[in-house]
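# Fold and contact review
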Amino acid sequence: MEQYYQPEIERASREQIKAWQDQRLAAQVRHVWDNVPYYRKKMEAKGLTPADVKSSDDLYKLPFLTKADLREAYPYGLVGVPLKDCVRIQSTSGTTGKRVVAFYTQADIDLWEDCCARAIMAAGGTNEDVCQVSYGYGLFTGGPGLNGGSHKVGCLTIPTSSGNTERQIMFIQDLSATILCCTPSYAAYIGETMKEMGLGPDDIPLKAGIFGAEAWSQEMRRDIENTLGIKAYDIYGLTELSGPGVSFECSAQSGMHVNEDHFIAEIIDPETGEVLPEGSQGELVFTSITKKAFPLLRYRTRDICTLTREPCPCGRTHVKMQKPQGRTDDMLIIRGVNVFPSQIETVLLNHGYPANYQILVDRVKNTDTLDVQVEMTPEMFTDNLGDVAARQKELVEGLRSMLGLTAKVTLVAPKSIVRSEGKAVRVIDKRKI
Ligand code: DLL
């Protein structure tokens, strides 16, 4: 039976959700106008005052915020409350430019943890469960967010953080963990290590996994579900908006419910900024309507996906976002063709390869090259060069029909591609260097 952490909110009528959003957005615009001079200037530049935003129907009038704004305003320029009222920061793992630093009041942390608790209960978690949190702890939001949610549900929480994979498996077995929270690539790695230790799905008590923080395909979901003997749920979020739990998957496993009492989602055309109708694919934009320390209005996530309000069999009424297909800044343009790493992953998994691969992009004599290095499983591994060549050819064909361009495929020995304990690095684009 479906369980809810806050049923009266998660199953509220659309009218009720709209009423919350209308009232909270107007209050949030006023809060930001009064307390965040950086954003007030942006509003003034558009000739807006808080009186222009009376309800969520007026949202489109507001200016966007981008990562560039966050960098410009670093570190305190977008903070909406006195620092004495802030109790924590978290930060992104960004590798280029300045990190994003997000601030939280105690109330902001509470609502963030509520969102994570909703995700855990949607995955079947109760206070009878043992929840192992194998996302990184520290500045990254994954560990602290799911840890807080797990406490709220009342699960026995095991804060292993990431790494030391054999010890992760030992805790799962010895402490009878029933729910595992980590990135999908780390879940796959845990599964692979279990196999090497001679363990199968029946040797561990896990029943569910809550995996996110990076794009992962349906094929990868099926793989992880089979290896660990669990149901694998997606969870989405970003540091700028709190962390994991902006949206989460329910038993229907067909998209993630956005916590609309805290976040308003829009889909825009990334080129023009125009708001697109429901069902269109575009860039996801979020407005946080309840957080006070780091309130972001119309923040452009760069994630590409669609929204749907089709009724969900789980009973939740909040809008669903499809799995992000990738990020506008992840999209590779190779010889003029748009390529998402997730498309390549789908082809590999459909041909029976594990999700251990690396995509190398370069430019040789003014032509882009795409080289996909794919690991063979130990069962496939052979030194018969003819067999390897035939397998490579099959993948080149598969990629050609998915992407419409020719890639070079190199099959490499098992275990030769480095494993990830957090977010996997799949793409090395040498053209930028
Ligand atoms: O990754 C927060 C998080 C932690 C989410 C644990 C889920 C679980 P950041 O490090 O700021 O925050 O990265 C945010 O990661 O804009 C997406 O591009 C990507 N992302 C997050 N969740 C998913 C997902 C955390 N389920 C960025 N599917 C986002 C695809 C995801 N991409």
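What counts, and where the lines are drawn
Residues numbered from 1 in each chain as written. Predicted model: local features only at pLDDT ≥ 70, side-chain atom pairs only at ≥ 80, totals over all residues. Heavy atoms only, no water. Pairing = 2+ DSSP bridges. Helix = DSSP H or I, 4+ residues; strand = E, 2+ residues; numbered from the N terminus. Domains from an automatic or database assignment. Contact = heavy atoms within 4.5 Å. Buried area = accessible area lost by both parts, 1.4 Å probe. Salt bridge = Lys/Arg side-chain N within 4 Å of Asp/Glu carboxyl O. Phe/Tyr/Trp six-rings, centres within 6.5 Å; stacked < 30°, edge-to-face > 60°. Buried < 20%, exposed > 50% of the residue type's maximum accessible area, 1.4 Å probe, protein only. Expected span 1.5 Å × (residues − 1). Axes fitted to C-alpha atoms, helices over the stretch in contact; angles between N-to-C directions. Parallel < 35°, antiparallel > 145°, perpendicular 65-115°, else oblique. Nonpolar A, V, L, I, M, F, W, Y, C, P; charged D, E, K, R; others polar. Near = heavy atom within 4 Å. Areas by Shrake-Rupley, 256 points an atom, 1.4 Å probe, with all protein chains shown as cover. Lys, Arg positive; Asp, Glu negative; His and termini not counted. Disulfide = S-S within 2.5 Å.

## So, the sheet that holds strand β15 (residues 326-327)
- With antiparallel pairing, four strands are arranged side by side in an open sheet as β10-β11-β12-β15. Since the sheet does not close on itself, it has two edges, and those belong to β10 (263-268) and β15, each with one partner.
- Relative to strand β12 (residues 299-305), strand β11 (residues 282-288) is paired through four bridges, and the arrangement is antiparallel. Its bridge partner lying in β12, valine 285 is registered against arginine 300.

## Some words on the domain arrangement of the chain
- Assigned domains of the chain: these are domain 1 (1-328) and domain 2 (332-429).
- Contact residues are listed per partner, giving 23 residues for domain 1 and 17 residues for domain 2.
- Note on domain 1 versus domain 2: buried area summed over both sides is about 1600 Å², and carbon and sulfur give 51% of it.
- It is Tyr189, Glu219 and Gln325 in domain 1 that bury the most area against domain 2; as a group they hold 30% of the surface buried on that side.
- Between the two partners, domain 1 and domain 2, sit two salt bridges.

## Considerations on the packing of aromatic side chains
- Counting across every chain of the model gives eight aromatic pairs.
- Considering the side-chain rings of phenylalanine 103 and phenylalanine 294, the 6.1 Å spacing of their centres and the 45 degrees angle between planes classify their relative orientation as tilted. Taken together, the residues span a long stretch of sequence, with phenylalanine 103 in strand β2 (residues 101-104) and phenylalanine 294 in the loop between β11 and β12 at a distance of 191 residues. Pair check on accessibility: phenylalanine 103 and phenylalanine 294 agree, each one buried.
- Taking the centre distance of 5.1 Å and the plane angle of 20 degrees together, the rings of tyrosine 104 and tryptophan 112 count as stacked.

## Some points on helix α5 (residues 106-122)
- Spanning 17 residues, α5 covers 24 Å between terminal C-alpha atoms, matching the ideal 24 Å at 1.5 Å per step.
- Across the 17 residues of α5, 14 count as buried, placing the element largely inside the fold.
- Looking one or two residues past α5, glycine 124 carries a phi angle of roughly 95 degrees, positive in sign.

## Observations concerning the packing of α5 against helix α6 (residues 142-153)
- Relative orientation of the contacting elements α5 and α6 amounts to 70 degrees, with a least axis distance of 7 Å. One way to sum up the angle between α5 and α6 is to call them roughly perpendicular. On the side of α5, the interface is formed by Asp110, Trp112, Glu113, Asp114, Cys116, Ala117, Ile120 and Met121, while α6 contributes Pro144, Gly145, Leu146, Gly148, Gly149, Ser150, Lys152 and Val153.
- When the residues that make up the contact of α5 with α6 are grouped by side-chain class, the tally is eight nonpolar, four polar and four charged.

## As for the site of the ligand
- Near the ligand there are 21 residues, and of these Asp234, Ile235, Thr239, Asp303 and Lys423 occur at the shortest range.
- Protein chains shield 94% of the accessible area of the ligand, which is 610 Å² for the free molecule.
- If you tally residues by element for the shell around the ligand, the top one is strand β7 (residues 231-238), at five residues.
- Classifying every residue of the shell around the ligand by side-chain character gives nine nonpolar, six polar and six charged.

## Overview of the environment of proline 341
- Residue placement: proline 341 occurs in helix α10 (residues 341-350).
- Once you skip the residues sitting within four places of it in the chain, proline 341 turns out to touch Asp330, Tyr357, Ile359 and Val427.

## Examining the side chain of glutamate 225
- By the secondary structure assignment, glutamate 225 is in helix α9 (residues 218-228).
- Despite its burial, glutamate 225 remains without a salt bridge, the nearest opposite charge being carried by arginine 221 at 4.9 Å.
- In this structure, glutamate 225 is in contact with Ile230, Lys231, Ala232 and Gln253, ignoring residues within four places of it in sequence.

## A few points about the sheet that holds strand β18 (residues 357-364)
- The four strands lie next to each other as β20-β19-β18-β21, forming an open sheet whose pairing is mixed. This sheet does not close on itself; its edge strands, each paired only once, are β20 (408-412) and β21 (427-429). Each neighbouring strand pair of the sheet contributes to a mean axis angle of 20 degrees, computed without reference to strand direction.
- Pairing between β18 and strand β19 (residues 367-375): eight bridges, direction antiparallel. Each bridged residue has a counterpart across the sheet, and for glutamine 358 the counterpart in β19 is glutamine 373.

## Focus: the state of the cysteines
- Within this structure, the stated rule accounts for zero disulfides.
- Cysteine cysteine 115 is unpaired, with the sulfur of cysteine 116 as its nearest cysteine sulfur at 6.9 Å.
- For cysteine 115, a relative accessible area of 1% gives the class buried.
- The thiol of cysteine 250 is not disulfide-bonded; the next cysteine sulfur, from cysteine 314, is found 3.6 Å away.

## Focus on unusual backbone geometry
- Looking along the chain, the bond that leaves tyrosine 74 and enters proline 75 is cis, with omega of -5 degrees.
- When you line up the elements, proline 75 lands in the loop between α4 (67-72) and β1 (88-91).
- Phi at arginine 298 is positive, roughly 50 degrees, even though this residue is not glycine.
- When you line up the elements, arginine 298 lands in the loop between β11 and β12.

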